[in-house]
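Structure at a glance
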Amino acid sequence: GNSVTQMEGPVTLSEEAFLTINCTYTATGYPSLFWYVQYPGEGLQLLLKATKADDKGSNKGFEATYRKETTSFHLEKGSVQVSDSAVYFCALHINTGTASKLTFGTGTRLQVTL
Amino acid sequence: GAVVSQHPSRVICKSGTSVKIECRSLDFQATTMFWYRQFPKQSLMLMATSNEGSKATYEQGVEKDKFLINHASLTLSTLTVTSAHPEDSSFYICSASPSGRQETQYFGPGTRLLVL
């Protein structure tokens, strides 16, 4: 089956620190990969995505590269801000032609302090 | 664009009553909508997939008679929690896929349900 594994949080960083949140996946097929962000009390927002190997998704200073050889899609940001504090979910999707399900990781909480 | 709304955002009800949650795609047509449940500090659990004009497909372990889903139009899906009990208290999130774009899901802001 399909699954997504994320590093456990919480991750606590000082402002302007470098961020890495690891994500690896297993999939029966060729998935598209996503990072979603959830701010406190809100639903999920798509942060970035990549649809094929070696693609790099980027948005708001965050980026992640689809690595087929290591089945990974690690999220990185060079300098985090307090406003980046949120829960980050890695997810995958495989187009089955019928039902279209996203498989989520367990989420990683990021806390950025001044 | 691509906004999904949910109503209500928060609801408190007595045990034994039913609660209806609406999910609307405001600026696009959604052939497929999804309903998730999220427990505190946990990931999203897919409850069911609903396609406009047909019966919802429920995930294993989700009681279809407990969680009634209706997807009567391309912009509206409803989730009714019937005879709610305290263990149904949770954060319910819907998402919608634009017609013809299966891998894209836009999420609503969520509904927090508290059953007393």
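Fair warning: this is a prediction, and the values are worked out from it, not measured in the lab.

**Things to note about the pairing of strand β7 (residues 67–73) of chain B**
Each regular strand carries side chains that alternate between the two faces of the sheet. All names here are of chain B. Relative to strand β8 (residues 76–81), β7 runs antiparallel, the two being bridged by five bridges. Within the sheet, the bridge partner assigned to S73 lies in β8 and is L76. Linking β7 to β8, which pair antiparallel, is a turn of two residues.

**Section: the sheet that holds strand β7 (residues 56–59) of chain A**
Within a sheet, neighbouring strands are paired by backbone hydrogen bonds and run either parallel or antiparallel to one another. Residues and elements named next belong to chain A. With antiparallel pairing, four strands are arranged side by side in an open sheet as β3-β9-β8-β7. Of all strands in the sheet, those with a lone pairing partner are β3 (19–21) and β7, marking the two edges. Each strand axis lies, on average, 15 degrees off the axis of its neighbour in the sheet, ignoring direction. The pairing of strand β8 (residues 62–65) with strand β9 (residues 75–77) spans three bridges and is antiparallel.

**Considering the state of the cysteines**
The full count for this structure, using the stated rule, is two disulfides over all chains. Between the sulfur of C23 of chain A and that of C90 of chain A lies a disulfide, 1.9 Å long from S to S. Between C23 of chain A and C90 of chain A the sulfur-sulfur dihedral comes to about -70 degrees; the bridge is accordingly left-handed. One end of the pair, C23 of chain A, is in strand β4 (residues 23–26); the other, C90 of chain A, is in strand β10 (residues 86–93), and 67 residues separate them in sequence. Paired through a disulfide, C23 of chain B and C94 of chain B show a sulfur-sulfur distance of 2.0 Å. In this structure, the disulfide formed by C23 of chain B and C94 of chain B twists by about 80 degrees around the S-S bond and is classed as right-handed. Of this pair, C23 of chain B sits in strand β3 (residues 19–25) while C94 of chain B sits in strand β9 (residues 90–98), and the two are 71 residues apart along the sequence. The two residues C23 of chain B and C94 of chain B agree in class, both being buried.

What counts and how
Residues numbered from 1 in each chain as written. Chains lettered and ligands numbered in written order. Predicted model: local features only at pLDDT ≥ 70, side-chain atom pairs only at ≥ 80, totals over all residues. Heavy atoms only, no water. Pairing = 2+ DSSP bridges. Helix = DSSP H or I, 4+ residues; strand = E, 2+ residues; numbered from the N terminus. Axes fitted to C-alpha atoms, helices over the stretch in contact; angles between N-to-C directions. Disulfide = S-S within 2.5 Å. Buried < 20%, exposed > 50% of the residue type's maximum accessible area, 1.4 Å probe, protein only.

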